[in-house]
There are 2 protein chains.
Amino acid sequence: MTEIQIAQSVTPKHIREIAAKLNIPEEKLEYYGNDKAKIPLDLIDEEKVKSNNLILVTAITPTPPGEGKTTTSIGLVDALNISNKKAAAVIREPSLGPVFGIKGGAAGGGWSQVIPMVDINLHFTGDFHAIEKANNLLSALIENNIQSKSRSLGIDHRTVTWKRCMDMNDRGLRTIVAALGGKAGGVPRETGFNITAASEVMAILCLATDLEDLKERCGNIYVGDTWEGKPIFAKDLNAEGAMAVLLKDAIKPNLVQTLEGSPAIIHGGPFANIAQGTNSIVATKMGMSLSDYTITEAGFGSDLGAEKFMNIKCRAAGISPKTIVLVATIRALKYHGGKSLKEITQEDVEALVKGLPNLDGHIEGLKSFGIPIVVSINAFSSDTEAEMQIVKEHCEKLGIPVALSYGWEKGGKGCLDLAEKVIQSANSCTDQFYPTYNLNDSIHAKMEKICQTVYGGKKVILSDLAKSQLRKYEAMGFGNLPVCTAKTEKSFSDDQKRLGRPKHFDIQIREFEIATGAGFIIPIAGKMLRMPGLPATPAAEKITIDKTGTIEGLF
Amino acid sequence: MTEIQIAQSVTPKHIREIAAKLNIPEEKLEYYGNDKAKIPLDLIDEEKVKSNNLILVTAITPTPPGEGKTTTSIGLVDALNISNKKAAAVIREPSLGPVFGIKGGAAGGGWSQVIPMVDINLHFTGDFHAIEKANNLLSALIENNIQSKSRSLGIDHRTVTWKRCMDMNDRGLRTIVAALGGKAGGVPRETGFNITAASEVMAILCLATDLEDLKERCGNIYVGDTWEGKPIFAKDLNAEGAMAVLLKDAIKPNLVQTLEGSPAIIHGGPFANIAQGTNSIVATKMGMSLSDYTITEAGFGSDLGAEKFMNIKCRAAGISPKTIVLVATIRALKYHGGKSLKEITQEDVEALVKGLPNLDGHIEGLKSFGIPIVVSINAFSSDTEAEMQIVKEHCEKLGIPVALSYGWEKGGKGCLDLAEKVIQSANSCTDQFYPTYNLNDSIHAKMEKICQTVYGGKKVILSDLAKSQLRKYEAMGFGNLPVCTAKTEKSFSDDQKRLGRPKHFDIQIREFEIATGAGFIIPIAGKMLRMPGLPATPAAEKITIDKTGTIEGLF
């Protein structure tokens, strides 16, 4: 069975039944059809947030086969519910763009999926669309002010860093010259589009604590400078009120369900490279308010996802996980041990052992946060008994609990061992996490602490451009922001070819960007693509729908 | 009270109560919150469609004060319900773009509005967003094919007429050079964005009879030519299936309510100049299936809106109105009589009489369709008894029933006289409408028949460019399409300064566009702006939302 066949083989329960499991009064539900609902922020209960068992699911360095963080998160929440624990999954919304590019969604896999899968992967409840409109309204206001005779702020159009966005893989929009067509068309300038998930508005939505905070953050977005070099923010254009109006529903978390009927809250989907890569603070707090165990995940490997989850999200939200689940696959470890994609489905104990240092690197980095760790091996049919034994013994030697998880194949039943170990581990956690750096460290010091503690590297080296940008941003008063590093996810280092556990490397920062609304500074190591293209044969060509509404080709 | 204060002073009934008035089973409702629902196409009943009293609301030549077609439509449906007739309004969805530009929505006015007004004017149920994504997916596929080495169709990128779209007033996107940034960025070319309401996908959604027909029409969209001059359609890019998947919910009509709790179906919002300017066929048929009186409207004056409603929409749908309501205001007639905006709130019998020929022109044009007409004077407090008497007597002399309507001030109670006259008129209608032209007339003949019969003009003159385009499109086999004229709405002629009832004019066609998916050819008289800009002081700057969710500055 394909993912979509599995997803469509289960009839979703009415969402009011799922809400009832979380004791949400029915009148609080804002239905979107019968199987999706938005839930209002007044259900967040800060007292309950304090006592909840928050579990972060992260992974080793990602490889082409994929590690299965979302599948593990969903399997785990189903297993916890089977074990009579009140558990909710809180995950990101998938981006529409890649759906039409490379086959694949972000709603779990096999028997550990969230449903209605098609809706979740298409328009869902319109959050991405609302973010896009808020982003692009600001763009239109900037363009209009540059054009204005009577009310000009004197924006030097060459300095405008704010881009439009669209939730579409469209390389043709990456770099454009806009505002052509003569005097009525505006002032021509080079600009471009980001994919919506890479928009700062997305990052803001995911860090805002309420609508008022969201509005203020929107006003704080830096858009460019005047001809005199004075920075211009969205609030100088009076943009934040209308942006907040456009986002008034998008800020409410979305309630759906797993295939087994466990509650799943899906909300926000910021990119994991140039943004924080994890669902919204309000969604996480919502899960924590309504359940006893809240399972959440963060994008890419722990060096990117977990680090930002802790230092940016948890710090801002005042929350702390009770356990970190580190997902690995035997296949991926063999890949890190030097094998090619074709070879990793064959037993290869030697390659596996050679790949284990990648796992060790993630364990070491995560240990710095002072939160107990459980390793989850996301099992595949190609894994052999001998291989599994090696990973198990390795983790036991390190004193890290390890579970074999069969979420893809068996759903919650396949993750009961993981659930048990997570419960034990969370019970043992008595402390809050230790952040990697203090906010009053210098930006450079923050980056070096991350590099040394989390990546296992040496120094952070800035280009001349990066140095001058840093001086500018520190002079603007933004030296106290947390850092949100944009780095390849394929290696601990900034070189995507260095698999396994590279040592003795420096991180080269080419340039900085700043997200003054979201509230972080982005050191960019290498080239980050914020607008993907479609592949040679786009998935869109095979996607269709027939008279009866049956969809084909989607996953 | 402002429009938004009036709208927010009424608590909407639960949408299931509104649905019950139309005997829609609750399980058929797809809720979007408690006050909006999508309704499935299988509720359309072709037998009931045949016997329904469809009423088209149109207007005299629009003037800056506005005539109030939507206000009249809503007042009329409320009045019919007061009179114990089962009536539903079926109108267009407003575009988000203008909301942030010039104050004003498209959901009626005063006590004749549809609610929830804020939602309807913002994201509503996401139809515009879905249309935008379907439009832009096709753009991304075109860009990708131009870029492709292995699967190129050989598209000459200079010939691509298909544009991206966005529901935003953003002049900077009107004309752009896209696909810059080197080899990975695509093949640079000049292109641009339309506002979403001006997209052919919007026109298609409004003309499609079901999802299968929608998919086929999407496949038939013409996008440009190969280097050898062969036309390329969306189906050559295998785009139609994925476009239809994106539109699977958007094609379902949306049910809301008037302030007085009458059912209102709001669906689709194509521009009235370069497209058909009226709600979807499926929404109209839905209203006709579920009620006895279906009130609908078409954009701009009757020369544009009613003409396209009849010759494009009714012909395609196989439906025919039983009565046409022609909306006029005393103020607008004085404007057509030569008075300025400042002067028209003062009594001026002479100017009024001078302006009556505009009304006569619309009556004459509408008579050609063979459907009974009722004139509705949308009353304003500045209208005097003497002025009203003149219009009344004038219509009576012409044998046209006339009603004074107070929908803005009094809601349904203000339109009881209109309702009574509409019921009488519809009862008297025994025939189907006569189309202005036959589909097998030549394109030029079709245009001249419209010009002479509906506009009261003489000849249609084609520029050299238009002539060569027409030859091309006829050679491609599209000579049998209906025409969808793009002409100023401010005059019967193609010169917006010629108010009143111009005579002895020709229509100059500058160029043609073709919408092979929607299924019409667009003769363009003058310059049509498909992407508006923001005004000097955009409404967006004053729009905001506070902690309690109260919105200010929107209308």
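Model, not experiment: these values are computed from the prediction. (Residues numbered from 1 in each chain as written. Chains lettered and ligands numbered in written order. Predicted model: local features only at pLDDT ≥ 70, side-chain atom pairs only at ≥ 80, totals over all residues. Heavy atoms only, no water.)

1. Thoughts on the overall build of chain A
Note the following rule: Secondary structure is summarised from DSSP: a helix means a run of H or I of at least four residues, a strand means a run of E of at least two, and numbering begins at the N terminus for each. Within these notes, the globule rule equals 2.2 Å times the number of residues to the 0.38 power, and the radius of gyration is based on C-alpha atoms. Only protein chains enter the accessibility calculation, which uses a 1.4 Å probe; a residue whose area is less than 20% of its type maximum is buried, one above 50% is exposed, and one in between is partly exposed. Any two residues whose heavy atoms approach within 4.5 Å are treated as being in contact. Under the convention used here, a 1.4 Å probe and the Shrake-Rupley method define accessible areas, while residue burial counts only the protein chains that appear.
Per the secondary structure count, chain A includes 19 helices and 24 strands. Here chain A has a C-alpha radius of gyration of 23 Å; the compact-globule value for 555 residues is 24 Å, and the two agree. Seen through its C-alpha atoms, chain A measures out along the principal axes to roughly 75 × 55 × 50 Å. Looking at chain A as a whole, 65% of its 555 residues are labelled buried. Considering only residue pairs separated by 6 or more positions, chain A has 74% of its internal contacts joining residues 24 or more positions apart. In the structure as shown, chain A presents an accessible area of about 18,800 Å², 50% of it carried by carbon and sulfur atoms.

2. Focus: the pattern of salt bridges
Let me state the cut-off plainly: The salt bridge criterion pairs a side-chain nitrogen of Lys or Arg with a carboxyl oxygen of Asp or Glu, the two atoms within 4 Å.
This model, assessed by the stated rule, comprises 58 salt bridges over all chains. Among the salt bridges present, the one from A:K36 reaches A:D35, with a minimum N-O distance of 3.4 Å.

3. Digging into helix α19 (residues 464-475) of chain A
Residues and elements named next belong to chain A. Here is the rule we go by: Helices are assigned an expected span. That span is 1.5 Å times one less than the residue count. Working definition: the arc comes from the directions between the helix axis and the C-beta atoms, pointing outward to the latter.
Counted at 1.5 Å a residue, the expected span for α19 with its 12 residues is 16 Å, and the 17 Å between its end C-alpha atoms agrees. For α19, every residue scored as buried is listed here: A466, Q469, L470 and Y473. Along the axis of α19, the buried residues cluster in a sector spanning 105 degrees; they form a single face. Exposed residues on α19 whose side chains face more than 90 degrees from its buried face are D464, R471 and A475. Residues of α19 that are buried sit in contact with α18 (443-455), β19 (460-462), β20 (507-509), β21 (511-515) and β22 (520-524). Just past α19, the residue G477 takes up positive phi, approximately 95 degrees.

4. As for the environment of B:P270
Residues and elements named next belong to chain B. In this fold, P270 is placed in the loop between β14 (263-266) and α11 (281-290). Along the sequence, P270 and K527 sit 257 residues apart, while their C-alpha atoms lie 18 Å from each other. In contact with P270, not counting residues within four places along its chain, are R92, A197, M202, C206, A275, Q276, G277 and T278.

5. A closer look at the interface of chain A and chain B
Cut-off, in case you're wondering: The term buried area refers to how much accessible surface (probe radius 1.4 Å) is lost by two components on association, counted for both of them together. We define a polar contact as two N or O atoms separated by no more than 3.5 Å, with the added condition that, inside protein, one atom must be a possible hydrogen donor and the other a possible acceptor, whereas residues neighbouring each other in sequence contribute only through side-chain atom pairs. Only Asp, Glu, Lys and Arg are considered charged in this grouping, and only Ala, Val, Leu, Ile, Met, Phe, Trp, Tyr, Cys and Pro are considered nonpolar; every other residue, Gly among them, is considered polar.
Every contact between the two is made by 70 residues of chain A and, on the other side, 70 residues of chain B. Approximately 5,900 Å² of surface area, both sides summed, lies buried where chain A meets chain B, with 63% of it carried by carbon and sulfur atoms. In terms of surface lost to chain B, no three residues of chain A exceed A:K133, A:R171 and A:I545, which account for 11% of the buried area on that side. Linking chain A to chain B there are 8 salt bridges. Summed over the shared surface of chain A and chain B, the number is 34 residue pairs in polar contact (both at pLDDT 80 or more). Elements supplying a minimum of two residues to the side of chain A that touches chain B: β1 (30-31), α6 (117-121), α7 (127-147), β7 (164-166), β8 (176-178), α9 (211-219), α10 (240-246) and β23 (544-545) of chain A. Of all the elements, α7(A) adds the most residues to the side of chain A that touches chain B, at 11 residues. In terms of residue class, the side of chain A that touches chain B is made up of 34 nonpolar, 18 polar and 18 charged.

6. Brief notes about the domain arrangement of chain A
All names here are of chain A. Quick note on the threshold: Annotation comment: domain bounds sourced from an automatic or database domain assignment.
As far as domains go, chain A holds domain 1 (3-126 + 250-428), domain 2 (127-246) and domain 3 (443-525). Facing 11 residues of domain 2, the contacting portion of domain 3 comprises 10 residues. Regarding the contact of domain 2 and domain 3, the summed buried area is about 750 Å², with carbon and sulfur atoms giving 59% of it. The interface formed by domain 2 and domain 3 contains 1 salt bridge.

7. A closer look at the UniProt feature "binding site: ATP" (unreviewed entry) in chain A
Residue and element names in this part refer to chain A. Rules: UniProt positions are given in the numbering used here, feature names are shortened, and annotations may be inferred rather than shown by experiment.
Here the UniProt-annotated "binding site: ATP" (unreviewed entry) positions come out as T63, P64, P65, G66, E67, G68, K69 and T70. Mapped onto the elements of the fold, P64 is located in the loop between β3 (53-59) and α4 (69-82). For P64, a relative accessible area of 55% gives the class exposed. Contacts of P64, omitting those with residues within four sequence positions, involve Y335 and L341. Structurally, G68 is set in the loop between β3 and α4.

8. A closer look at the relation of the copies chain A and chain B
Selection criterion: Superposing the copies works by least squares over the C-alpha atoms of residues that have pLDDT at least 70 in both of them.
With an RMSD of 0.1 Å, chain A superimposes on chain B once it is rotated by 180 degrees and translated 0.0 Å along the axis. Classification of the inter-copy transformation places it as that of a two-fold axis. A shared interface surface links the copies, since 100% of the contact residues of chain A are contact residues in chain B too.

9. Let's talk about unusual backbone geometry
With an omega of 5 degrees, the peptide bond running from A:I115 to A:P116 counts as cis. Along the polypeptide, A:P116 turns up in the loop between β6 (112-115) and α6. A positive phi is found at A:N84, a non-glycine position, where the angle reads about 60 degrees. Locating A:N84 in the fold gives a position in the loop between α4 and β4 (87-91). Phi angles above zero are rare outside glycine, and B:F300 is one such case at about 60 degrees. You can see B:F300 is positioned in the loop between β15 (293-297) and α12 (305-317).

10. Side note on the packing of aromatic side chains
Filter applied, for reference: Any two of the Phe, Tyr and Trp rings considered here, Trp counted by its six-membered ring, make a pair once their centres fall within 6.5 Å; the pair's planes then place it as stacked at under 30 degrees, edge-to-face at over 60, or tilted in between. A ring is considered to have a charge above it if a Lys NZ or an Arg CZ atom is located within 6 Å of its centre and within 35 degrees of its normal.
Considering all chains together, one arrives at 7 aromatic pairs over all chains under this definition. One aromatic cluster is present, formed by A:Y222, A:F233 and A:F478 through successive ring pairs. Just above the ring of A:F233 sits the side chain of A:K235; from NZ or CZ to the centre is 5.8 Å. Above the ring of B:Y455, the side-chain terminus of B:K487 is found at 4.8 Å from the ring centroid.

11. Things to note about the packing of α11(B) against α12(B)
Residue and element names in this part refer to chain B. Applied cut-off: Each axis is a line fitted through C-alpha atoms, and for a helix only the stretch in contact is used; angles between axes span 0 to 180 degrees, taken between their N-to-C directions. For classification purposes, angles smaller than 35 degrees are called roughly parallel, those larger than 145 roughly antiparallel, those between 65 and 115 roughly perpendicular, and all remaining angles oblique. By definition, turning the near helix anticlockwise from the far helix through less than a right angle yields a left-handed crossing, and turning it clockwise yields a right-handed one.
Orientation of α11 relative to α12, taken along the N-to-C sense of each, is 60 degrees, at an axis distance of 10 Å. Looking at the two axes, α11 sits oblique to α12. For the crossing formed where α11 meets α12, the hand is right-handed. Across the interface between the two elements, I281, T284 and K285 from α11 touch K313, A316 and A317 from α12. When grouped by side-chain class, the residues that make up the contact of α11 with α12 number 3 nonpolar, 1 polar and 2 charged.

12. Observations regarding the packing of α7(A) against helix α8 (residues 200-207) of chain A
Residue and element names in this part refer to chain A. Where α7 meets α8, the axes come as close as 9 Å, and the angle between the chain directions of the two elements is 120 degrees. Between α7 and α8, the angle is such that the two are oblique. Here α7 runs over α8; the crossing is right-handed. Side by side, α7 and α8 meet where F128, I131, A134 and N135 of the first sit next to V201, M202 and L205 of the second. When the residues that make up the contact of α7 with α8 are grouped by side-chain class, the tally is 6 nonpolar, 1 polar and no charged.

13. Let's talk about the nonpolar core
Cut-off, in case you're wondering: In these notes, a set of buried Ala, Val, Leu, Ile, Met, Phe, Trp, Tyr and Cys residues joined through side-chain atoms within 4.5 Å is what counts as a nonpolar core.
Among the nonpolar cores identified, the biggest contains 281 residues, and A:L359 and B:L359 are the most heavily contacted of them. Contacts of A:L359, omitting those with residues within four sequence positions, involve A:I60, A:L326, A:A328, A:L333, A:V375, A:V391, A:H394 and A:C395. Among the nonpolar cores identified, the runner-up in size contains 36 residues, and A:I15, A:L22, A:L43 and B:I44 belong to it.

14. As for the pairing of strand β15 (residues 293-297) of chain A
Residue and element names in this part refer to chain A. The line we're drawing: Only when DSSP finds a minimum of two bridges between them are two strands counted as paired.
In terms of burial, β15 is largely enclosed, as 5 of its 5 residues are buried. Here β15 shows two buried faces, one formed by Y293, I295 and E297 and the other by T294 and T296. Taken together, the 5 bridges between β3 and β15 define a ladder with parallel strand orientation. Each residue of the ladder has a partner; that of V57, found in β15, is E297. In this structure, β4 lies alongside β15, joined through 4 bridges in parallel fashion. Directly across from V90, in β15, lies its bridge partner T296.

15. Notes on the side chain of A:D213
Mapped onto the fold, A:D213 is located in helix α9. Excluding its chain neighbours within four sequence positions, the residues that come into contact with A:D213 are A:L207 and A:A208.

16. A look at the confidence of the model for chain A
The cut-off we apply is this: The predictor attaches a confidence to each residue, and that confidence, scored 0 to 100, is pLDDT.
This prediction gives chain A a mean pLDDT of 95; 99% of its residues lie at or above 70. As scored by the predictor, the complex reaches a pTM of 0.96 and an ipTM of 0.95.

17. Re the pairing of strand β4 (residues 87-91) of chain B
Residue and element names in this part refer to chain B. Burial runs high along β4: 5 of the 5 residues are buried. Residues A87, A89 and I91 line one face of β4 and the alternating positions A88 and V90 line the opposite face, and both faces are buried. Looking at chain direction, β4 and β14 are connected through 3 bridges and run parallel. Each bridged residue has a counterpart across the sheet, and for V90 the counterpart in β14 is I265.

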